[in-house]
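What follows is the residue order along each chain.
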Amino acid sequence: MAERSAHQRTAAALLCTGALLLCATTASAFPLSPGEQLIQQIQQQQEQQKQLLQQQEHLLQEIEQRQQQERQKQLLQQQEQLRQEIEQQQRQQERQREQRQPQQQQQQRDKCGYESCHVTKPGLLNVHLVPHTHDDVGWLKTVDQYFYGDRNDIQHAGVQYILDSVVEQLLKNHERRFIYVETAFFYRWWKRQNQDMKNDVRTLVNQGRLEFVNGGWVMSDEASTHYSSVIDQMTLGLRFLNQTFGECGRPRVAWHIDPFGHAREHASMFAQVNTFTQTTKKMKKKQQQLFFSFSLSLCPGILPNGYNPPEGFCWDQSCDDAPIRDDPDLEDYNVDDVVQRFLHIAKAQANVYKTNHIVMTMGSDFQYENANLWYKNLDKLIDYVNERQKNGSNVNLLYSTPSCYLQELHRANRTWALKTDDFFPYADAAHDFWTGYFSSRPALKRYERRSNGLLQTCNQLEVLGGPVSRDGPFGKGETLTMKKSLAVAQHHDAVSGTSKQHVANDYARRLANGWNTCQVVVSNSLSALSGSAAPRVYCDLLNISVCSFTESSPEFTVTVFNPLGRSLLWPVRLPVNGSRYSVSDPGGNPVDSQVAPVSDSTRDLRRGRGFAVNELVFEVQAPPLGFSSYTVSQSQDRTGIKTGLNRNQTRAETRAKTGLNQGPVQIENKFVRATFDPDTGLLSGLMNLETKQKIDLTQNFYWYNGSDGNNSDSDQPSGAYIFRPNSSTPFVISKTAKIQLIQTSVVQEVRQVFSSWVSQVVRLYSGSRALELEWTVGPVPVQDDLGKEVMTRLDTNIKSGGVFFTDSNGRELLRRRKDFRPTWKLKQSEPIAGNYYPINSRAFITDEEKQLTVVTDRSQGGSSIQNGSLEIMLHRRLLYDDVRGVAEPLNETSELFPDGLVVRGTLLLSLDPPKSAADKHRPLGQETVLQPLLSFTKGKPEPSAKLTFSGLQAALPPAVHLLTLSQWDSDSVLLRLEHQFQTRESRTNSEPVTVNLQKLFSTLEVLGFSELNLSANQWKEDVKRFDWTPETEEEKWEQKSSVDPSFWDVTLRPMEIRTFLLRVRVRV
Ligand SMILES: [Zn+2]
């Protein structure tokens, strides 16, 4: 029907056209006969018909064309429609995929940690590729220069770009993994990110694609750090991760890949933080996998290439290794070669490991700034190596993390060797012992230790003083600056002394900032606790007798805050210009005080910073976790003039008290006697007057000539890291000392001068059981072009048999034997440097009857080279770089000391029976770390002021040390109690001891508490560890759990640290 209608319309059009033709013809015609006309008409009609037919033919053709066009058009339309439909379908699929992704993410969200590990293949050799970057928190550049990528002329390194780039690359591929270590850097980066980026990073962390390992603020040094600061820096870093990411941000593995040796105490601390593995620098192959087993279990893995990738497989922008060129159509196709080389390396590595799992660290210092390079090639490496499995290859590559690797080792269910000693000293060649840094930068090492003491005091006073400590009469104060500064200082190039000079200055500057903000907290808190808002002055240079306040004030009050959990007798020495003073205790009772002249060496050392001629000395009693205030008033001297003696008068008075050349010289109190050889001026003997024990003791100062590397054995010079004396025989600085004796009822001193750059005061306070050696060394002369490593040596008649003991990070003591290592046969190649060990707080030599213990005020290196002898390195000044990257000789100078730093410190000596020596050196060690804080106010105290205060209801038992008391949040505080004795170390104190938490504080009511792990980032009851099986049954380590007698009574076993979060309220 439709077709016919179309034809009809065509006919109508045809008719119309014929009519027009007809008209036109009519207009040109002549008259004809009717027949002719008829014929003509017929002819015309025929003609017309013909034309019409032709026209019709044309039209039909036209129509057909049009119809064809129409059909084509329809076809095109249909095609277009189809294309659109396909596109729509594609878009829909895309959308569906996008919608599915978040669903998958959601499903994976709870799969961080071990559950997020890639599946391994049981029958194959599984190679765990661990992409990582090692970012030093200061070394050749300062921490902030490293973060921003500033000063790339020194070293190309920018941590902010590394994190930017790694996150971008992780988001591109679900398979990829990355570990990050240094929270000091991550914190800096995180606080500058927008919400979208933070959400992306949270997703990565929640899916285990970005995993934090170690997680401390820094990767701490292990040889020169004190455990207290290490625990604090771990707590700071892990708390940030906890608060930011929760459970999935909690590291499960310690990652200590760069410290120069490993301490036993670090292993113990890591174990108490959580399940931790530890990786280390190059060690002997047979040691590749074993356990540290001290207080708790720990499993270290030892890496084959340090923490670098295998040779030829470094794809960072800083490396030159060939990329994987995998297009056969292009030049230099190298897939087969790369795979072949990789398989060879993997199989060689597997030969020295126990299981079918090996780990490869794919990264190094400050790598991944352009992470695409690494990941693009690692993706390909995994694909191409695993493709070979189709042809029978038994090697399986996977992206992994240290915790995933650890999990596989645990699943292997093997037995493991136990390691009970430590990894010191570390050497990377026969003459390259890394034992110099135990003592490098002694001034920074002491400043770091003192700063820790101040931080603990500051933390305690913030708690005791309440909110007013943070915002009070002296302004706003906080502890965070000091916490961060001190945490940064724990880095393995900071307190270790192995940074460039400008970086060491930056570490010190940060600590100084911490002091400033902390002192505001202290002032606010003390004003609240004492009820007096008198302005408070601090004197940070009392060790060189500089304090303009005491020097110029005729009357002042000194407040002594004792951060220890027991009461303390403490000698106070203040620079003054008067010659007579009266001192009264908080009860108004007179206190014995004496004035002694400032020594010449101290005068030299001040370099215009103070002018006091005398030191006022008296002993104070300070209650546990509290203070007492003493009043000092200058008295009129004999002439009635209220003024100080001038220098000459002081000297005259001193000479009268000097007892030289009048027989044996000795100083003594009721506990100790020290004798001196009158001919040499050197110490000659030490006696414990309580036990009647006596030893011969000679002490002197020596220097080793640091090797300049020009040597037939090795071209290794001595430097910031390496200790390499040119000769095993040290040079004596002087065989004799000029001495001066000062004897008063409060203090007795023998002042010894050995040379223009070495002096010492041997000092005995009336109440002290230890003999103090206050040494002053420097500027170490180097005009002779000889680098010098200055040490003091104590030579005794103790029969120590080549054995000596040194502490580990200020805690457990380790037995050392000359030229011996407990775990392998040592062929000693450096008789001095190869016998040096870190001394963090103490060392001793002993025989069956006597023990001579030395407590140090900072970390130092030391050894016992001869029987009965103990030497401690005090100062180092060297002229050559030791080729470990720092590219500077260890030659410290400053504006004030352009001729070389002068360093002062103390050694505390005590002689005891071995069975009771710890009863003395344990508390002495804590006193040295947590020295009381002195602050000064003008005049007499206000009548209403409280002059004594204790934050505790009673002193803690002698075995218990108050390690941490720190504000956690508005109503809770962090408390760490420590048993400070080792098992069998003390007859009386090595027993478990119980403390009642409710009856602890005098001003704080404890409403409740929970126990945490050591680093305070996990509830104790939630801590889960892998259980490992040691190789031999005898070595089986037993974890005894404390059984507390009651809810509030907590028991500490020897060397145990327990961490509590207390909910508190200030008592009214
Ligand atoms: Zn490092």
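Scoring rules and cut-offs
Residues numbered from 1 in each chain as written. Predicted model: local features only at pLDDT ≥ 70, side-chain atom pairs only at ≥ 80, totals over all residues. Heavy atoms only, no water. Disulfide = S-S within 2.5 Å. Helix = DSSP H or I, 4+ residues; strand = E, 2+ residues; numbered from the N terminus. Buried < 20%, exposed > 50% of the residue type's maximum accessible area, 1.4 Å probe, protein only. Salt bridge = Lys/Arg side-chain N within 4 Å of Asp/Glu carboxyl O. Donors = N, O, S within 2.8 Å, 3.2 Å for Na, K, Ca; no water. Pairing = 2+ DSSP bridges. Axes fitted to C-alpha atoms, helices over the stretch in contact; angles between N-to-C directions. Left-handed = near helix turned anticlockwise from the far one by under 90°. Contact = heavy atoms within 4.5 Å. Nonpolar A, V, L, I, M, F, W, Y, C, P; charged D, E, K, R; others polar. Polar contact = N/O pair within 3.5 Å; in protein donor to acceptor, adjacent residues only side chain to side chain.

Q: Could you clarify how one ought to interpret the state of the cysteines in this entry?
A: The term disulfide refers to a covalent linkage connecting the sulfur atoms of a pair of cysteines. Taken as a whole and judged by the stated rule, the model has five disulfides. A sulfur-sulfur distance of 2.1 Å marks the disulfide that ties cysteine 112 to cysteine 248. The sign of the S-S torsion, about -75°, decides the handedness of the disulfide formed by cysteine 112 and cysteine 248: left-handed. Of the two residues, cysteine 112 sits in the loop between helix 2 (34-108) and strand 1 (125-131) while cysteine 248 sits in the loop between helix 7 (227-245) and helix 8 (264-273), which places them 136 residues apart along the sequence. One exposure class covers both cysteine 112 and cysteine 248, and it is buried.

Q: Just checking my understanding: could you explain the pattern of salt bridges for this structure?
A: A side chain with one charge may pair with a side chain of the opposite charge, provided their charged atoms come close. Taken as a whole, this structure holds 47 salt bridges when the rule is applied. Of the charged contacts in the structure, one is a salt bridge between arginine 724 and glutamate 830, with a shortest N-O distance of 3.2 Å. Of this pair, arginine 724 sits in the loop between strand 24 (693-705) and strand 25 (731-732) while glutamate 830 sits in the loop between strand 32 (813-817) and strand 33 (837-839), and the two are 106 residues apart along the sequence. Judged by its relative accessible area of 6%, glutamate 830 is buried. Arginine 858 is the salt-bridge partner of aspartate 857, the closest N and O atoms lying 3.0 Å from each other.

Q: I'm lost on the coordination of the zinc ion in this one. Help?
A: Metal coordination angles in their ideal form are 109.5 degrees for the four-donor tetrahedron and 90 or 180 degrees for the six-donor octahedron. The coordination sphere of the zinc ion, as far as protein atoms go, consists of His134 (NE2), Asp136 (OD), Asp258 (OD) and His492 (NE2), spread over 1.9 to 2.1 Å. Positions of the donor residues of the zinc ion along the chain correspond to the pattern H-x1-D-x121-D-x233-H. Highlighted residues: aspartate 136 in the loop between strand 1 and helix 3 (143-148) and aspartate 258 in the loop between helix 7 and helix 8, separated in sequence by 122 residues. Per residue, the accessibility class of aspartate 136 equals that of aspartate 258, and both read buried.

Q: Can you help me understand the pairing of strand 23 (residues 683-688) in this one?
A: Looking along a regular strand, one sees the side chains alternate between the two faces of the sheet. The element strand 23 is extensively covered by neighbouring structure, given that five of its six residues are classed as buried. Inspection of the sheet shows strand 22 (residues 672-676) paired to strand 23 by five bridges, in the antiparallel sense. By the bridge assignment, phenylalanine 676 is partnered in strand 23 with leucine 683. Hairpin connection of strand 22 to strand 23: six residues between the antiparallel strands, including glycine 681 at a positive phi of 80°. Sheet topology places strand 23 next to strand 24; four bridges connect them, and they run antiparallel. Its bridge partner lying in strand 24, asparagine 688 is registered against glutamine 693.

Q: Could you clarify how one ought to interpret the packing of helix 7 against helix 8 in this entry?
A: Pairs of packed helices are described in terms of their axes, by the angle between the two and the distance that separates them. Where helix 7 contacts helix 8, the axes come no closer than 11 Å and their chain directions differ by 35°. Handedness of the crossing formed by helix 7 with helix 8: right-handed. Residues Tyr227, Val230, Ile231, Met234 and Leu238 of helix 7 lie in contact with helix 8, whose contacting residues are Glu265, His266, Met269, Phe270 and Val273. Class assignment for the residues of the contact of helix 7 with helix 8 results in eight nonpolar, one polar and one charged.

Q: Explain the sheet that holds strand 44 (residues 1004-1012) here, please?
A: Hydrogen bonds between backbone atoms are what pair the strands of a sheet, whose relative direction is either parallel or antiparallel. With antiparallel pairing, the four strands of this open sheet are ordered in space as 41-42-47-44. Of all the strands in the sheet, the pair left with one neighbour each is strand 41 (960-969) and strand 44. Looking at each pair of strands side by side, their axes are set apart by 30° on average, direction ignored. Bridge analysis of strand 41 against strand 42 (residues 972-979) gives eight bridges, and the strand direction is antiparallel.

Q: Would you take a moment to explain the side chain of serine 950 for this structure?
A: Among the structural elements, serine 950 can be located in strand 40 (residues 948-950). Here the side chain of serine 950 touches proline 624 through a polar contact of 2.6 Å, landing on its backbone oxygen. A distance of 3.2 Å separates a polar atom in the side chain of serine 950 from the backbone nitrogen of leucine 952. Beyond its immediate stretch of four places on either side in the chain, serine 950 contacts Pro623, Pro624, Leu625, Gly626 and Ser1002.

Q: Which parts of the structure should I look at to understand the packing of helix 7 against helix 12 (residues 442-465)?
A: Closest axis-to-axis distance for the helix 7/helix 12 pair is 10 Å, and the angle between their directions is 65°. In this structure, helix 7 crosses over helix 12, and the sense of that crossing is left-handed. For the pair formed by helix 7 and helix 12, the contact residues are Ser228, Ser229 and Asp232 on the first element and Glu448, Asn452, Leu455 and Gln456 on the second. Of the residues assigned to the contact of helix 7 with helix 12, the class counts are one nonpolar, four polar and two charged.

Q: Help me out: how do you make sense of unusual backbone geometry in this one?
A: Most of the time, phi is negative for any residue but glycine, and the peptide bond is trans. Here the amide bond leading from phenylalanine 424 into proline 425 is cis, since omega sits at -10°, within 30 degrees of zero. Inspection of the secondary structure puts proline 425 in the loop between strand 11 (418-419) and helix 12. Note that the residue after glycine 778, namely proline 779, is joined by a cis bond; omega there is -5°. Looking at the secondary structure, you find proline 779 in the loop between strand 29 (771-777) and strand 30 (788-796). Backbone geometry at alanine 887 places phi at a positive 60°, although glycine is not the residue there. Relative to the assigned elements, alanine 887 resides in the loop between strand 37 (869-877) and strand 38 (903-912). What makes alanine 887 exposed here is its relative accessible area of 53%. At alanine 1016, a position not held by glycine, the phi torsion is positive, near 60°. Within the secondary structure, alanine 1016 sits in the loop between strand 44 and strand 45 (1029-1030). Residue alanine 1016 is classed as buried on the basis of its relative accessible area, which comes to 6%.

Q: Honestly, the sheet that holds strand 27 (residues 747-755) in this entry has me stumped. Any pointers?
A: Reading across from one edge, 26-27-28-29-38-35-34-31-32 is the order of the nine strands in this open sheet, with antiparallel pairing throughout. At either end of the open sheet lies a strand with only one pairing partner, and these are strand 26 (738-743) and strand 32. The mean angle between the axes of side-by-side strands here comes to 20°, regardless of whether they run parallel or antiparallel. Strand direction decides the pairing type here: strand 28 (residues 758-765) and strand 29, joined by six bridges, are antiparallel. Residue serine 759 lies in a different strand from strand 29, and its bridge partner there is threonine 776. The sheet strands contacting helix 18 (residues 914-929) are strand 32, strand 34 (842-846), strand 35 (851-856) and strand 38, and the helix crosses strand 35 at an angle near 10°.

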